[in-house]
Amino acid sequence: MSYSAADARDTDRLGFGGTLARWSRRVVVGSILIAVLLVGGTAFRVWQVARINDLTHADAIVVLGAAQYSGTPSSVFEARLEQAAKLFEEGVAPTVVTVGGKQIGDEYTEAASGRNYLIGRGVPGDRIIAVEEGSDTLRSIEGVSRVMGEHSMDSAVLVSDPWHSLRTRTMARDAGLEAWTAPTRQGPAVFTRESQIHGIARETGALVWYQLTHFSADFPYTAGQ
């Protein structure tokens, strides 16, 4: 950073303490502007990718898990599974991968309850792979990437809520998968303007955190289960 004659005059007029305070204010304001641009740009990308529905043929349709109750998918999870069943019927991929572990005390994993639901929807059981692990998005994606690699698959259409699409796609690509998104358009995540705003805010924060640290940050979902 160059030191101009004007800066020299300011130093003479304000003294060292005044000049330091002035530059400190500039640094603070600049940092705030950068943070606003980062968060705002990320929020726009979350909204933008949420609108993408890419039906390019892939090796597998990957359904991100959500809450389940004694083997019955929550409304959030059911909406994702319905989308996956539709994509399978349309021939987008020959295999569906369900993913998700279980909470303490649960009898079923998210992956197993999702698999059972899809079988009930007519998807052949031998075309479904249940990856019964993952307590958050990052661990789930890492598990999916490993299992798909074991089955010589490397491309995936990711199914989740619209606002979750960018983060799952980013993590999947970081994990070595060729990935694109075809999110559900039904369920609590898209019912109301409030749920949409909440979803965008939640995913913006989680994605910024992931990009800065490469750690997961799945904030609580409150739009409804």
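Right above here is the structure, for reference.
Residues numbered from 1 in each chain as written. Predicted model: local features only at pLDDT ≥ 70, side-chain atom pairs only at ≥ 80, totals over all residues. Heavy atoms only, no water.

J.: Would you mind going over the overall build of the protein with me for this structure?
T.: A tally of regular secondary structure across the protein gives 7 helices and 7 strands. For the protein, the residues scored as buried account for 44% of the 225 residues in total. Restricting to contacts in the protein with at least 6 residues of sequence separation, those with at least 24 account for 69%. As displayed, the protein offers around 11600 Å² of accessible surface, 57% of which is attributable to carbon and sulfur atoms. (Helix = DSSP H or I, 4+ residues; strand = E, 2+ residues; numbered from the N terminus. Buried < 20%, exposed > 50% of the residue type's maximum accessible area, 1.4 Å probe, protein only. Contact = heavy atoms within 4.5 Å. Areas by Shrake-Rupley, 256 points an atom, 1.4 Å probe, with all protein chains shown as cover.)

J.: In this structure, what is going on with the side chain of R80? I would like to understand it.
T.: With respect to the helices, strands and loops of the structure, R80 is situated in helix α2 (residues 75-89). Judged by its relative accessible area of 6%, R80 falls in the buried class. The residues touching R80, leaving out its near neighbours within four places in the chain, are V63, L64, G65, A66, V159, S160, D161, H164 and T184.

J.: Please clarify how helix α7 (residues 193-213) should be interpreted in this entry.
T.: An α-helical turn contains 3.6 residues, so a residue and the one three or four places further along point in the same direction. In this model, α7 (21 residues) spans 30 Å end to end at C-alpha, consistent with the 30 Å of a helix rising 1.5 Å per residue. Looking one or two places after α7, you find H214, whose phi comes out positive at around 60°. (Expected span 1.5 Å × (residues − 1).)

J.: Where do I start with the nonpolar core in this structure?
T.: For soluble globular proteins, the rule of thumb is that nonpolar side chains tend to be buried together. V62, V97, V131, V144 and M148 are the most contacted members of the largest nonpolar core, which totals 28 residues. Of all the elements in the fold, those that place two or more residues in this core are α1 (5-50), β1 (60-63), β4 (96-99), β5 (128-131), α4 (137-150), β6 (155-159), α5 (165-174) and α7. Sorting elements by how many residues they give to this core places α4 first, with 5 residues. Those residues in contact with M148, other than ones at most four positions away along the chain, are A60, V62, M153, D154, S155, A156 and L177. (Core = buried A, V, L, I, M, F, W, Y, C linked by side-chain atoms within 4.5 Å.)

J.: Sorry, what's going on with the sheet that holds β4 here?
T.: Pairing is parallel across the open sheet formed by 5 strands, whose spatial order is β5-β4-β1-β6-β7. Each having just a single partner strand, β5 and β7 (178-181) make up the two edges of the open sheet. Averaged over neighbouring strand pairs, the angle between their axes works out to 25° when direction is ignored. Two elements, β1 and β6, share 4 bridges in a ladder whose sense is parallel. Looking across to β6, one finds that V63 is bridged to V159. Each of β6 and β7 touches α5; the most contacted strand, β7, lies at about 175° to it. (Pairing = 2+ DSSP bridges. Axes fitted to C-alpha atoms, helices over the stretch in contact; angles between N-to-C directions.)

J.: Just to check I follow, could you spell out the packing of α2 against helix α3 (residues 110-120) for this structure?
T.: A pair of packed helices is characterised by two quantities: the angle between their axes and the separation of those axes. In contact at an axis separation of 10 Å, α2 and α3 are set at 50° when each is read in the N-to-C sense. One finds that α2 runs oblique with respect to α3. For the crossing formed where α2 meets α3, the hand is right-handed. Residues F77, E78, L81, E82 and A85 of α2 lie in contact with α3, whose contacting residues are E110, S113, G114, Y117 and L118. Residues that form the contact of α2 with α3 fall into these classes: 5 nonpolar, 2 polar and 3 charged. (Parallel < 35°, antiparallel > 145°, perpendicular 65-115°, else oblique. Left-handed = near helix turned anticlockwise from the far one by under 90°. Nonpolar A, V, L, I, M, F, W, Y, C, P; charged D, E, K, R; others polar.)

J.: So what exactly am I meant to see when it comes to the pattern of salt bridges here?
T.: Any two side chains of opposite charge can pair, so long as their charged atoms come close to each other. Scanning all chains against the criterion turns up 8 salt bridges. Between D161 and R80 there is a salt bridge, with its nearest N and O atoms 2.8 Å apart. Taken as a pair, D161 in the loop between β6 and α5 and R80 in helix α2 lie far apart in primary sequence, 81 residues in all. Pair check on accessibility: D161 and R80 agree, each one buried. A salt bridge links R146 to E133, with the nearest nitrogen and oxygen atoms 2.7 Å apart. Of this pair, R146 sits in helix α4 while E133 sits in the loop between β5 and α4, and the two are 13 residues apart along the sequence. (Salt bridge = Lys/Arg side-chain N within 4 Å of Asp/Glu carboxyl O.)

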